[in-house]
Amino acid sequence: MQATNIRVRFAPSPTGGLHLGGVRTVLFNYLFAKKHKGTFVLRIEDTDQTRFVEGAEQYILDCLNWCGLLPDEGPHVGGPYAPYRQSERKANYRSYAEQLVAQGHAYYAFDTPEELDKWRKDVPNFQYGQAYRAQLRNSTSLAAEEVAQLLASGVPHVIRIKMPTNETVHFTDMIRGEVSFDTNLVDDKVLLKADGMPTYHLAVVVDDYLMKISHAFRGEEWLPSAPVHLLVWEYLGWKADMPQWAHLPLILKPDGNGKLSKRDGDRLGFPVFAMNWKDPNSEELTPGFRELGFLPEAFLNLLALLGWNDGTDQELFSLTELIEKFDFSRVSHAGAKFDFEKAKWYNAEWVKRLDKTRLAEEVHRFLAKPEIANDAYFKRILELVKERLVLLSDFWPQASFFFTEPTSIDIDSVKPKWSAEKGAFFTNLIHQFSQSNSWDSVALEELFKTQAEQAGLKVGELMLPFRIMLVGGKFGPAVFDIAATIGKEKTLQRIQHALPLFAN
């Protein structure tokens, strides 16, 4: 179907943290909608009440807000096709399931969980379908009178699709091209559960139709379910209105061996969720990219290039640029390996690109000393150290010495090459600095070099001790910028404090 009114949807289940693969699905939906002046819909698929987790829906919304991928329609903004929670649409689904039964495309199944467990135990790779359908308790194997009696008695039952025999169903995927399925290999999926709630297989079709979704983008793992959905669209008489589908490639483990999971992140030491997720039942906290110190711009940028590129060598894209350049013809059908080092590179580059005010706001959330005001001094320091920030959380480790005395001095890096001449140089430097009327980095560097030349010492051999005196270690921005920023008094104090330590 070539739709003129582009409508796409992200339809998560509120069952826990939002995996970065889920955010990429959101992103690709959002980019496609915005590029084509369409509508991005958020639909909460909460029909499986056994997996529902309190707080998960709000968490999903918070993640989308952090990423700046705001839905045009959804449970918290409304819209013309409300409600947008499937649990609130329960009354819609049974009539469609019953319609399929009446047409002979679905049937009632009365098997108990215990009976099905026995089948699974006795039959390897058991599937409820054409091979065993006639031997099970359902309306295709029971007499019509018995079925009517079971229904009238309120015996618990589900409604299953009746997969046809010896048919091939196919569709054109926007990424993979022509895809076909042998119906003999597909089991009879449950469409309506015993509690009256639809399964994904029914609800996704009914809601996509009723909400006039034009394009449906979802993960590759949903490909095996496609023949069921194709047939439901056809059997309900809606095939002409079926969305165009695209099944997105998997995000793979760093070694490329399988889909990236939360367990992989735990094992390898990086997050796989967009934001911190605390399970309300187990109290387990799973880390997220946001709290680790990622910018949303970097997070979206790295996700966009997991399975897509614009055909050039460009790697840094703003959301505006992504909207302009995104095209499904450039999405790969092959899985994309996740590289955490590359992810951090994106973040470091975006830290450099962000404007001063915005960067100051983002970094301020990560300050170990929250009482430090977001003022001119803070912004000046941020400008000095931002080239050294990979994560926003790196600010305090990289800049704490601007605010407080170093808690330790790396004496071991200085003592092997320390000499009485160097001690005399720094003793004299204290005097020269104290007499100086100019306290900017250029004047300080000039005075430092002049004193080194007069003492017959190499500037390069004096710079490391000077840095360690001020910083405590072998890191930080240009050392004369540090001295100029912390001021004369603190500079002199730190030299005086460190000198005896080097001499001992």
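None of the values given here were measured: they were computed from a predicted structure.

Chemist: Is there a simple way to explain the packing of helix H17 (residues 441-455) against helix H18 (residues 459-471) in this structure?
Modeler: Between two packed helices, what matters for the description is the angle formed by their axes and the separation of those axes. Where H17 contacts H18, the two axes come as close as 10 Å, and the packing angle between them is 125°. Viewed along their axes, H17 and H18 adopt a mutual orientation that is oblique. In this structure, H17 crosses over H18, and the sense of that crossing is right-handed. Here H17 contributes Phe-448, Lys-449 and Ala-452 to the contact with H18, which in turn contributes Val-459, Leu-462, Met-463 and Phe-466. Taken together, the residues that form the contact of H17 with H18 break down as six nonpolar, no polar and one charged.

Chemist: I'm lost on unusual backbone geometry in this one. Help?
Modeler: The phi torsion of most residues other than glycine is negative, and most of the peptide bonds are trans. Here the amide bond leading from Ala-82 into Pro-83 is cis, since omega sits at 0°, within 30 degrees of zero. Along the chain, Pro-83 turns up in the loop between helix H2 (56-67) and helix H3 (93-103). The phi torsion at Asn-125 lies on the positive side, around 55°, for a residue other than glycine. In this fold, Asn-125 is placed in the loop between helix H4 (113-122) and helix H5 (144-152).

Chemist: Got a minute to help me understand the packing of aromatic side chains in this structure?
Modeler: The geometry of an aromatic ring pair comes down to the distance between the two centres and the angle between the two planes. Going through the model one piece at a time under the given rule, you end up with 47 aromatic pairs. Following the ring pairs from residue to residue traces out a cluster consisting of Trp-418, Phe-425, Phe-426, Phe-433, Trp-439, Phe-448, Phe-466, Phe-480 and Phe-502. The side chain of Arg-160 reaches across the aromatic face of Tyr-128, ending 3.8 Å from its centre. The side chain of Lys-342 reaches across the aromatic face of Tyr-346, ending 5.6 Å from its centre.

Chemist: Honestly, helix H16 (residues 420-435) in this entry has me stumped. Any pointers?
Modeler: The end-to-end C-alpha distance of H16 is 23 Å, a good match for the 22 Å that 16 residues give at a rise of 1.5 Å each. The inward-facing, buried residues of H16 contact H17, H18 and helix H20 (488-503).

Chemist: Help me out: how do you make sense of the sheet that holds strand S3 (residues 106-109) in this one?
Modeler: What holds strands together in a sheet is hydrogen bonding between their backbones, with the strands either parallel or antiparallel. Across the sheet, which stays open at both edges, the three strands sit in the order S3-S4-S7 with antiparallel pairing between neighbours. If you trace the sheet from one side to the other, it starts and ends with S3 and strand S7 (190-192), each paired once. Put simply, the sheet's adjacent strands are angled 45° from each other on average, direction ignored. Note: strand S4 (residues 158-161) against S7, two bridges, orientation antiparallel. Counterpart to Arg-160 in the pairing with S7 is Val-190.

Chemist: Would you mind showing me how to read the nonpolar core here?
Modeler: Most often, soluble globular proteins keep nonpolar side chains buried together rather than apart. Counting 115 residues, the largest nonpolar core has Phe-338, Phe-395 and Phe-426 as the members making the most contacts within it. If you look at the next biggest cluster of nonpolar residues, it comprises 40 residues, including Leu-100, Leu-231, Val-232 and Trp-245.

Chemist: Explanation requested: the environment of Phe-289 in the structure shown.
Modeler: Residue position: Phe-289 is located in helix H9 (residues 289-292). For Phe-289, a relative accessible area of 0% translates into the label buried. Those residues within four positions of Phe-289 in sequence are excluded, and the remaining contacts are Leu-20, Trp-66, Pro-271, Val-272, Phe-273, Ala-274, Met-275, Phe-294, Phe-299, Phe-338 and Phe-340.

Chemist: So what exactly am I meant to see when it comes to the side chain of Thr-47 here?
Modeler: The residue Thr-47 is located in the loop between strand S2 (39-42) and H2 in this model. On the basis of relative accessibility, which here comes to 7%, the residue Thr-47 falls in the buried class. Setting aside anything within four residues of it in sequence, one finds Thr-47 in contact with Gln-86, Lys-193, Met-197 and Pro-198.

Chemist: I'm lost on the pattern of salt bridges in this one. Help?
Modeler: Close approach of charged atoms lets side chains of opposite charge pair. Inspection of every chain in the model, using the stated rule, returns 34 salt bridges. Glu-88 serves as the salt-bridge partner of Arg-85, at 3.0 Å between the closest nitrogen and oxygen. A relative accessible area of 45% means that Glu-88 is categorised as partly exposed. The salt bridge partner of Lys-262 is Glu-284, with a shortest N-O separation of 3.2 Å. Note that Lys-262 is positioned in helix H8 (residues 262-268) and Glu-284 in the loop between strand S11 (277-278) and strand S12 (285-286), a separation of 22 residues in sequence. Within the structure, one salt-bridge network assembled from shared partners comprises Arg-9, Arg-43, Glu-45, Arg-89, Asp-207 and Asp-208.

Criteria and cut-off values
- Residues numbered from 1 in each chain as written.
- Predicted model: local features only at pLDDT ≥ 70, side-chain atom pairs only at ≥ 80, totals over all residues.
- Heavy atoms only, no water.
- Axes fitted to C-alpha atoms, helices over the stretch in contact; angles between N-to-C directions.
- Helix = DSSP H or I, 4+ residues; strand = E, 2+ residues; numbered from the N terminus.
- Parallel < 35°, antiparallel > 145°, perpendicular 65-115°, else oblique.
- Left-handed = near helix turned anticlockwise from the far one by under 90°.
- Contact = heavy atoms within 4.5 Å.
- Nonpolar A, V, L, I, M, F, W, Y, C, P; charged D, E, K, R; others polar.
- Phe/Tyr/Trp six-rings, centres within 6.5 Å; stacked < 30°, edge-to-face > 60°.
- Lys NZ or Arg CZ within 6 Å of the ring centre and 35° of its normal.
- Expected span 1.5 Å × (residues − 1).
- Pairing = 2+ DSSP bridges.
- Core = buried A, V, L, I, M, F, W, Y, C linked by side-chain atoms within 4.5 Å.
- Buried < 20%, exposed > 50% of the residue type's maximum accessible area, 1.4 Å probe, protein only.
- Salt bridge = Lys/Arg side-chain N within 4 Å of Asp/Glu carboxyl O.

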